[in-house]
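# Structural overview
Below, each chain spelled out in residue letters.
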Amino acid sequence: MKKVKQLTAVILAFVLVFGLAGCTRGGAGEKDSKSGSAETKKAEDLKVVMMPKVMGMPIFESYYNAAKEQADDLGITLDYIGPSELDASKQVNLVQDLISGGDTDALLICPADGEALVPVLKEAMDAGIHVYTWDDDVVDETAREYFINMCGDKIYGEQMGKTIGEMLEGKGKIGVVNGNMTATSLTLKEEALQDVLKNEFPDIEVTPTVYHGGDQQKAYALCQDLLTANPDLDLIAVIATPGLLGAAQAVDASGRSEVIVYGAEQPNNIKEYMMKDNLNVVGCLWDVMTLGKEAVNIVYSCLADGKEYKEGDTVEGYPESSVIGTNITFNAVLEFDKDTVDDYNF
Amino acid sequence: MKKITKNLDGNDRLLLIVFLGLTIFLTVTTPEFLAFGNLMRILQQMCELGIVSLGIMLVILTGGFDMSSSAMIGMTSVMVGVLFKGGLNIWASVLISLAAALLAGFFNGWLVGELKIAPMLATLGTMTLYQGIALALSKGDAISGFPEGFLMLGQGYLAGIPLQLFLLAGLVILMSVVMNKGRFGRKVYLLGSGPVGSRFAGINVKKTIILCYASAALLAGLSGVVVTSRLATARADAGASYMFEGVAAVMLGGTDLAGGSGKVSGTIIGVLVFAILGNGLNLNKISSLKRQMLIGIVLLAVLLIRQFSGKLKERRMISGQNK
């Protein structure tokens, strides 16, 4: 009987707590009514949350630095919170808690999984939070207002493909390193890259793609394996950061300086390897700082000025940019090598 | 306070204090905490961990340890996805995947109970095996495109209450009854207190162990189904952090890692404490990185208090002061 009494005590505790909840909020389920509706708000009151795929990745830190600077200039509050692991369920939980928190006007999120985040982002929109995706997108465009990125995934992938083809003069063998399979943007980039190679440079042999999952150490190990398994490897193409560092390290350690290391990384991070005489490292990214800054600007313009971006518009100050559907893109791929790496500071 | 909780021993009292203390603290500092929607979301989020923690507790009660629970979640998740994508009806996929989890659990139990391999070693090996199966079947891919009906389990609400909570509640009641009323429960506790003594007491040690590991695997499998439904994706790494989090919750709930004592209610409160703590941190926009630290601090604090109060009780008992 003692155990039943204990269970009863626990149940009573629950009833106490949740009964309290029932009293304070007579409503049912989802609609925690709050502010943040369609009207424009004053700058000082705007609360924006920037949520990366995972905390601690250098590229996201760079995005945040640029975004914070711009947010300070505009006078709005920008919080930077994200999951401690690259785990979609953790990110979903975070967004849910933001909804509960009730004081977020806009969420700028880079989804860890293009599918898993859809239901909760829709929930967020229903609760009055303006949702924008940046750097990577969700598969359902009704789950967010706009997707902001520096260049279309297809354009990026095609550029990579073209550059690879040119660098190898149409013949050779390459390895492809990507981040994680569930990232929509990375997958699209790779598809475009593979298509260009298949169609325009059919003599280039492509080994099966490997995934580093956002871990530089893993990228290093994967590239070592690539080098060992393919003594005739000419180039390693890296689509997602921080893989390029791992690749450069692996090539450096192997002493095979004829292998070109090409792909996504921030200039500052890869500079050391780029400047080495025994390595041939070429970077292909986009202006991270501009994206971070302009993402905040766009969010601000939507919330404070009620701006809408329609098909065919361009972003103020960026004549090369375009709006395709709900995708705001700056169409600016950035390639750099040892001669130009010093031009950039991010 | 002591009078009201007279029937609870020190362990449970401490846990209840921590739980209520945390709840009251958050209610006062973070008004949005007590909102019905937020509480329901907490419950929705903690169900997956709650379900697998029940299984983790069960195995720990036998004096063993199942390292493969997270891998089981991932494997079940992937199987559901692969079978469904292969053309099978979603619910058939779920049933077959659960059956596979059960089988895997029997395998775990057989290694520990029949071959008498140390539980941690055996399940470390099976963990790697199940992870591998999950990765191989899924090819590292996440599978999605599940039907609405299936997604309701993880994302739906009935009268404002998340659906998976009903599943958890049912499992909690079932397990409480089995552990407290049935003969099986007594056997498990006895086993945890000492396998040699249990054998002399006439308990079929092997059978009990196998059943425990199988049940734990099935529970992990159920958790995997819920995760898959909530995220609408089948992933090999689903629930990857749940094993450690589950063990922490079970320990917080008062289960002795050496086996032999522990309550279902304790485990559930343990899971709730972590869920509420996490929610409180998120609501206050405190970095996830600090969250790990805080969870560790709470866990250690409770364990230390328990250790010291245990020693205190011992000393009192010895000097005849304990009432």
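Just so you know, these numbers come straight off a predicted model, no measurement behind them. (Residues numbered from 1 in each chain as written. Chains lettered and ligands numbered in written order. Predicted model: local features only at pLDDT ≥ 70, side-chain atom pairs only at ≥ 80, totals over all residues. Heavy atoms only, no water.)

## Re the side chain of T329(A)
All names here are of chain A. For T329, the location among the structural elements is in strand β13 (residues 327-329). Residue classification places T329 among the buried positions, given a relative accessible area of 2%. At a separation of 3.3 Å, a polar atom in the side chain of T329 contacts the main-chain amide nitrogen of N331. Excluding residues that lie within four positions of it along the chain, T329 makes contacts with N149, M150, C151, G152, S321, S322 and I324. (Helix = DSSP H or I, 4+ residues; strand = E, 2+ residues; numbered from the N terminus. Buried < 20%, exposed > 50% of the residue type's maximum accessible area, 1.4 Å probe, protein only. Polar contact = N/O pair within 3.5 Å; in protein donor to acceptor, adjacent residues only side chain to side chain. Contact = heavy atoms within 4.5 Å.)

## What about unusual backbone geometry?
A cis geometry characterises the amide bond from T241(A) onward to P242(A), with omega recorded as -5°. Mapped onto the fold, P242(A) is located in the loop between β9 (235-238) and α8 (243-254). Unusually for a residue other than glycine, E169(A) sits at a positive phi of about 50°. One can find E169(A) in the loop between α5 (153-167) and β6 (172-178). Even without being a glycine, A159(B) presents a positive backbone phi close to 55°. On the accessibility criterion, A159(B) (71% relative accessible area) is exposed.

## Focus: the packing of aromatic side chains
How two aromatic rings sit relative to each other is given by the distance of their centres and the angle of their planes. According to the stated counting rule, one finds 14 aromatic pairs over all chains in the structure shown. An aromatic cluster of at least three residues, connected via ring pairs, comprises F84(B), W91(B), F146(B) and F150(B). Positioned above the aromatic ring of Y156(A), the side-chain terminus of K189(A) is 4.9 Å from the ring centre. For K307(A), the ring lying beneath its charged end belongs to Y309(A), and the centroid distance is 4.8 Å. (Phe/Tyr/Trp six-rings, centres within 6.5 Å; stacked < 30°, edge-to-face > 60°. Lys NZ or Arg CZ within 6 Å of the ring centre and 35° of its normal.)

## Notes on the pairing of β9(A)
Residue and element names in this part refer to chain A. Here β9 shows two buried faces, one formed by L235 and A237 and the other by I236 and V238. When β9 meets strand β10 (residues 260-263), the two strands line up parallel, connected through four bridges. Looking across to β10, one finds that A237 is bridged to Y262. In this region the chain leaves β9, passes through α8 and returns to the parallel neighbour β10; the handedness of that crossover is right-handed. (Pairing = 2+ DSSP bridges. Right-handed = clockwise from strand over helix to strand, strands pointing away.)

## Some details on the confidence of the model for chain B
When pLDDT is averaged along chain B, the result is 87; 95% of the residues meet or exceed 70. Scored as a complex, the prediction yields pTM 0.79 and ipTM 0.77. (pLDDT = per-residue confidence, 0-100.)

## A closer look at the domain arrangement of chain A
Residues and elements named next belong to chain A. Along its sequence, chain A is organised into domain 1 (6-150 + 288-330) and domain 2 (153-285). Listed as interface residues are 15 residues of domain 1 and, on the opposing side, 13 residues of domain 2. Between domain 1 and domain 2, roughly 1000 Å² of surface is buried when both sides are summed, and carbon and sulfur atoms account for 48% of that area. Looking at the side of domain 1 facing domain 2, the largest losses of area belong to M57, I59 and D136, adding up to 34% of the total buried there. (Domains from an automatic or database assignment. Buried area = accessible area lost by both parts, 1.4 Å probe.)

## Brief notes about a nonpolar patch on the surface
Residue and element names in this part refer to chain B. A surface patch of nonpolar side chains, about 670 Å² in accessible area, is lined by F107, W110, L115, I117, L121, L129, I133 and L137. The leading source of residues in the nonpolar patch is helix α5 (residues 119-138), at four residues. Tracing the sequence through the fold places L137 in helix α5. L137 sits in the partly exposed class, given a relative accessible area of 36%. (Patch = residues over 30% accessible without salt bridge, like charges linked within 9 Å, V, L, I, M, F, W, Y side chains within 5 Å. Areas by Shrake-Rupley, 256 points an atom, 1.4 Å probe, with all protein chains shown as cover. Salt bridge = Lys/Arg side-chain N within 4 Å of Asp/Glu carboxyl O.)

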